[in-house]
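Descriptive structure summary
Listed below are the residues making up each chain.
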Amino acid sequence: MGRPLIIGNWKMNGSLKGSEALIRSIQSALDAQGEVDLCICPPFTLLSHVGSLLAATEIKLGAQDVYHEDSGAYTGEVSLPMLKEMGCQYVLVGHSERRQYFGENDASVAIKVAATVRHGLTPVLCVGEELATRRANRGEDYVLAQLMAGLSLLEGEVKEIAIAYEPIWAIGTGQAATPLQASAMLRAIYQLARNKVPAGQVRLLYGGSVTPENAAGFLAAEFVGGVLAGGVSLKGESFAQIASLAGSKTYV
Ligand code: 13P
């Protein structure tokens, strides 16, 4: 499946001063980076600053959201050309917190995914079910419906897309999915995504309460090509530990 991808989503956290210390502690705790792609997604206000801190490193920059129009009267929004100008290569799209608190839905997610690809950035399409849905045995159907919708407007050649399976019940709860659960869902995701995107261009991530302690289990699981980390990405040493683990994983 190629190089693992480890993304840190800072969510609405971070400051000018704090980000400097955080990047420094990631860098100093990082073993020789190995065969792994690392990306950090700070809030919009820190993109420029974090981007310049990362310029001398191999770590890539990503955004937590985007608006699909290039420019215009869309107060409060940020466009793909703006993100490109900041040096972003990745964009999280459809994170469950955007869906839950800010009215993001399958239709807007699909438009954003397609626009991100059109502009040559890599979308990280986030999908995931609630606990009640999983308990009712409808988790896979729900996630695959989100996926189908999210990919529905893609056209032309897709260079790269990442899909993050983030079960809502595992986000910020300390209760991660098991590697087996993540692997089973990502297998189903992969099989469906393959119809839309060439197999080699899809990167599959697990997210939800990832820690240095449980990361190895996820990274060793079939179909898991990396992780999307939240809380732990705010701790330099822990995030670097996960990255180093991923860099030492041997893929078959
Ligand atoms: P936590 O790692 O804090 O559970 O967050 C996961 C997440 O939402 C990453 O996008």
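Relevant structure appears above.
Cut-offs and rules
Residues numbered from 1 in each chain as written. Predicted model: local features only at pLDDT ≥ 70, side-chain atom pairs only at ≥ 80, totals over all residues. Heavy atoms only, no water. Pairing = 2+ DSSP bridges. Helix = DSSP H or I, 4+ residues; strand = E, 2+ residues; numbered from the N terminus. Axes fitted to C-alpha atoms, helices over the stretch in contact; angles between N-to-C directions. Contact = heavy atoms within 4.5 Å. Near = heavy atom within 4 Å. Polar contact = N/O pair within 3.5 Å; in protein donor to acceptor, adjacent residues only side chain to side chain. Areas by Shrake-Rupley, 256 points an atom, 1.4 Å probe, with all protein chains shown as cover. Nonpolar A, V, L, I, M, F, W, Y, C, P; charged D, E, K, R; others polar.

**Overview of the sheet that holds strand S8 (residues 226-229)**
- One closed barrel accounts for eight strands, arranged S1-S2-S3-S4-S5-S6-S7-S8; its pairing is parallel. The average undirected angle you get between the axes of adjacent strands in this sheet is 25 degrees.
- Here three bridges tie strand S3 (residues 60-63) to strand S4 (residues 88-93), and the two strands are oriented parallel to one another. Along S4, the bridge assignment pairs glycine 62 with tyrosine 90.
- Set on the sheet, helix H5 (residues 106-118) makes contact with S4, strand S5 (122-127) and strand S6 (161-165); between it and S5 the angle comes to about 160 degrees.

**A closer look at the site of the ligand**
- Around the ligand sit 13 residues in total, of which Lys11, His95, Gly172, Ser209 and Gly231 are the nearest.
- The contact in question runs from an oxygen atom of the ligand to an N or O atom on the side chain of glutamate 166, over 3.0 Å.
- Taking glycine 231, its main chain carries an N or O atom lying 2.8 Å from an oxygen atom of the ligand.
- Starting from 310 Å² of accessible surface for the ligand in isolation, the protein chains cover 94%.
- Residues of the shell around the ligand, tallied by class, amount to four nonpolar, seven polar and two charged.

Limitation: the analysis is restricted to geometry and does not speak to function.
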